[in-house]
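# Fold and contact review
So the chains spell out like this:
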Amino acid sequence: MPAPTLPIENPATSVVRPSDCAIEFENVSIAFDEKVVLNGISFRLEHGETKAVFGVAGSGKSTMLKLAIGLLRPDSGRIFVLGEEVTRMSEQELFQLRRRVGMVFQESALFDSLKVYENVAFRLMEEKIPAEEIEQRVREVLRFVELERTYDMFPSELSGGMRRRVAIARAIITQPEVLLYDSPTGGLDPVTSNTIVELIMKQRDVYKTSALLVTHRLQDAFTMATYQFDKATNQMVALPKGQYCEVAMSFLILRDGKVIFDGDAHQLATSRDEYIREYIS
Amino acid sequence: MALEFELISPIEVAKDFALAVQNYTVLSAQSVANFFRRPLYMADMVQQADLIGVGSLPIVVLTGLSVGALLALNSASTLQRFGGVSLIGQLVSLGMVTELGPLITGLMVAGRNASGMASELGSMIVTEQIDAMRALGTDPTKKLVTPRVGATAFMLFFLTIIADLLGLIGGYGVAHLIFGVDTQQYWTSVWQILVFRDVFTGLIKPVLFGFIISTVGCYYGMSTRGGTQGVGRSTTQAVVASSVLILVVDFFVTKLIFAFFGYR
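Residues numbered from 1 in each chain as written. Chains lettered and ligands numbered in written order. Predicted model: local features only at pLDDT ≥ 70, side-chain atom pairs only at ≥ 80, totals over all residues.

A count of helices and strands for chain B gives eight helices and zero strands. The order of α-helices and β-strands along chain B, N terminus first, is α-α-α-α-α-α-α-α. Taking the principal axes of its C-alpha atoms as reference, chain B extends roughly 65 × 55 × 35 Å. With 264 residues in all, chain B has 44% of them scored as buried. Long-range contacts, defined as pairs at least 24 residues apart, comprise 89% of the intrachain contacts of chain B with a sequence gap of at least 6. (Helix = DSSP H or I, 4+ residues; strand = E, 2+ residues; numbered from the N terminus. Buried ≥ 20, exposed ≤ 12 C-beta atoms within 10 Å, placed from the backbone. Contact = placed C-beta atoms within 7 Å.)

Next comes the structure, spelled out in structure tokens:
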């Protein structure tokens, strides 16, 4: 019989600290069987900041996002999200907190037996919001991701890029305070990837939502740092050379379960660490 | 190329088994506790009742008729030797209502629905849909497990009644058409042999079997690991485990009822 990992109730009362940052990891470690994936990592994501997370495959980037939203529990360390200590919350308490956080999964994770509008409206339906309001908000958010025509379609009828955009729509429909993107451009062609990056940028610059962006594509993060979304023209525009976007944009690099870099674009570009220089070259 | 065999420690196997039993118990307890916690997903429960109940009706009708007819056919050949063919109705009635009706219906529904639940939830696990549901602030045991448990226990109760009735009709067909038993004699003996204890036994079992089918199906689905191959494995294990568990529980429930009410 396989060993299942059903949600474990933790009766300990959660600790609330003033919400001075969106997410904070304090010496967080996690191992699967004998393999240590994250080994005492610490970092902060400020309100309104977007942090791009890099690392080779298997370096624990996705695990980090799942820890942040409480889908996994660390072996040691503490995690705070919007001032609440996720690591001490019970599964029932976490359901409340997760309503303030949006997550876009690596493979979209859309409910394949539900239509696009049901997927996007899932959270609103759970909150028993009137049907007319749900329809209006679903259409609005699908317009935001430029997929209003897919309203009545099933996820299986959509392309990979369209599914990612629907997943983004589902994550942002309640305007969460924090967004977690797990490789939103992974496996997509460059044109579709750009569309997704533009959407993430639009969410960042229009709604100023804090975000952790896990990605393999360095160019996506640099585009995020050197472009800004222009509401007037409804597209992203390049910033003058040497100037970075108004919204705080930072980078975090993981290696062998540790954070080896946490800083802004300028610090990254001028880093003397050989591994980092090789990574960004 | 040398083949390598990994020896598994019996302690590890015992630990895994104990963990599986613990997780199954937790999931089962949660699925029941959720009936008393809001929100209660009534629409999902009705949908599951339709899928499980109405969907299983054709196989229950066919197996009920066949088992009743077979029971009459086999018992009649023995009874004929002692000139007791008129007792067919009693044998079919007791056999169907107390034992074969609930058991056959339970096994049929286990084959059809425990596998369905395990594969559906297993696919949702491997495609991260369950994680997505948790990330959206919805408890998967409330939304997915509890409606299945409620719907299966509720519908199996009625499916068993239908199977019992059709078994009696099948038995009547054989008794009347092949062995020439009088219609009134058959149905009178069917009715007269049954006492409260028999009906109680026959109706408590499907509720327990429904609970076993749904919790085992959901448990294997929710604990699926290893992609599509894992889904296949979970599906098979769900059918095997629920069928074996039904047979074991059937024995103990029957024994318990005998101990409580006394033997006939």
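Take the overall build of chain A next. In terms of regular secondary structure, chain A is built from ten helices and twelve strands. Here the C-alpha radius of gyration of chain A, 19 Å, is about what a compact globule of 281 residues would show, namely 19 Å. Overall, chain A is about 55 × 50 × 40 Å in size when its C-alpha atoms are taken along their principal axes. Relative to its full complement of 281 residues, chain A shows a buried share of 41%. When contacts within chain A are restricted to residue pairs at least 6 apart in sequence, those whose partners lie at least 24 apart make up 65%. (Rg over C-alpha atoms; globule rule 2.2 N^0.38 Å.)

For the rest of this paragraph, the subject is the interface of chain A and chain B. Opposite the 18 residues of chain A that make contact, chain B presents 21 residues. At the level of elements, α2 (91-98) and α4 (122-126) of chain A are the ones that each hand at least two residues to the side of chain A that touches chain B. The dominant element in the side of chain A that touches chain B, judged by the number of residues it contributes, is α4(A), at three residues. When grouped by side-chain class, the residues that make up the side of chain A that touches chain B number 13 nonpolar, no polar and five charged. (Nonpolar A, V, L, I, M, F, W, Y, C, P; charged D, E, K, R; others polar.)

This part is about the nonpolar core. A:Val53, A:Ala68, A:Met103, A:Val120, A:Ala169, A:Leu180 and A:Leu212 are the most contacted members of the largest nonpolar core, which totals 75 residues. Among the elements that line this core, the one with the most residues is helix α6 (residues 160-172) of chain A, at seven residues. Each of domain 1 (17-87 + 192-281) and domain 2 (101-175) of chain A accounts for three or more of the residues forming this core. Not counting residues within four places of it along the chain, the set of residues in contact with A:Ala68 comprises A:Ile23, A:Ile79, A:Val81, A:Leu180 and A:Leu212. Of all hydrophobic cores here, the second largest spans 56 residues; its members include B:Met96, B:Val109, B:Met124 and B:Tyr172. (Core = buried A, V, L, I, M, F, W, Y, C linked by C-beta atoms within 7 Å. Domains from an automatic or database assignment.)

The next thing to look at is helix α1 (residues 61-68) of chain A. Residues and elements named next belong to chain A. Most of α1 sits inside the fold, with eight of its eight residues counted as buried. Buried within α1 we find Lys 61, Ser 62, Thr 63, Met 64, Leu 65, Lys 66, Leu 67 and Ala 68. Looking one or two residues past α1, Gly 70 carries a phi angle of roughly 80 degrees, positive in sign.

All names here are of chain A. The domain boundaries assigned to chain A delineate domain 1 (17-87 + 192-281) and domain 2 (101-175). In this structure, domain 1 and domain 2 have C-alpha centres spaced 24 Å apart. Listed by partner, the interface residues are ten residues for domain 1 and ten residues for domain 2. Those elements that place two or more of their residues in the side of domain 1 that touches domain 2 are α1 and α7 (190-207). Sort the elements by how many residues they give to the side of domain 1 that touches domain 2 and α7 lands first, with six residues. Partitioned by chemical class, the residues of the side of domain 1 that touches domain 2 number six nonpolar, four polar and no charged.

Residues and elements named next belong to chain B. At a minimum axis separation of 10 Å, helix α1 (residues 10-33) and helix α7 (residues 196-222) run at an interaxial angle of 120 degrees. Of the possible angle classes, the one that applies to α1 and α7 is oblique. The interaxial crossing formed by α1 with α7 has right-handed handedness. Contacts from Tyr 24, Leu 27, Ser 28 and Ser 31 in α1 reach Thr 215, Cys 218, Tyr 219 and Met 222 in α7. Looking at side-chain class alone, the contact of α1 with α7 contains five nonpolar, three polar and no charged residues. (Axes fitted to C-alpha atoms, helices over the stretch in contact; angles between N-to-C directions. Parallel < 35°, antiparallel > 145°, perpendicular 65-115°, else oblique. Left-handed = near helix turned anticlockwise from the far one by under 90°.)

Let us now look at the sheet that holds strand β2 (residues 35-45) of chain A. Residue and element names in this part refer to chain A. The strand order across the open sheet formed by four strands is β2-β1-β4-β5, and the pairing between neighbours is antiparallel. Each edge of the open sheet is held by one strand with a lone partner, namely β2 and β5 (84-85). Pairing analysis gives five bridges linking strand β1 (residues 23-32) to strand β4 (residues 76-81), with the strands arranged antiparallel. Within β4, the residue paired with Glu 24 across the bridge is Phe 80. Sitting on the sheet, α1 is in contact with β1, β2 and β4, with an inclination near 120 degrees to β1. (Pairing = 2+ DSSP bridges.)

Residue and element names in this part refer to chain A. Spatially, the six strands line up as an open sheet ordered β6-β7-β8-β3-β11-β12, and their pairing is mixed. Looking at strand neighbours, the two that pair on one side only are β6 (101-104) and β12 (258-264), the edges of this open sheet. Each strand of the sheet is rotated relative to its neighbour by a mean of 15 degrees, with strand direction disregarded. Here strand β11 (residues 249-255) runs beside β12; their pairing, made up of six bridges, is antiparallel. Of the residues in β12, the one forming a bridge with Arg 255 is Lys 258.

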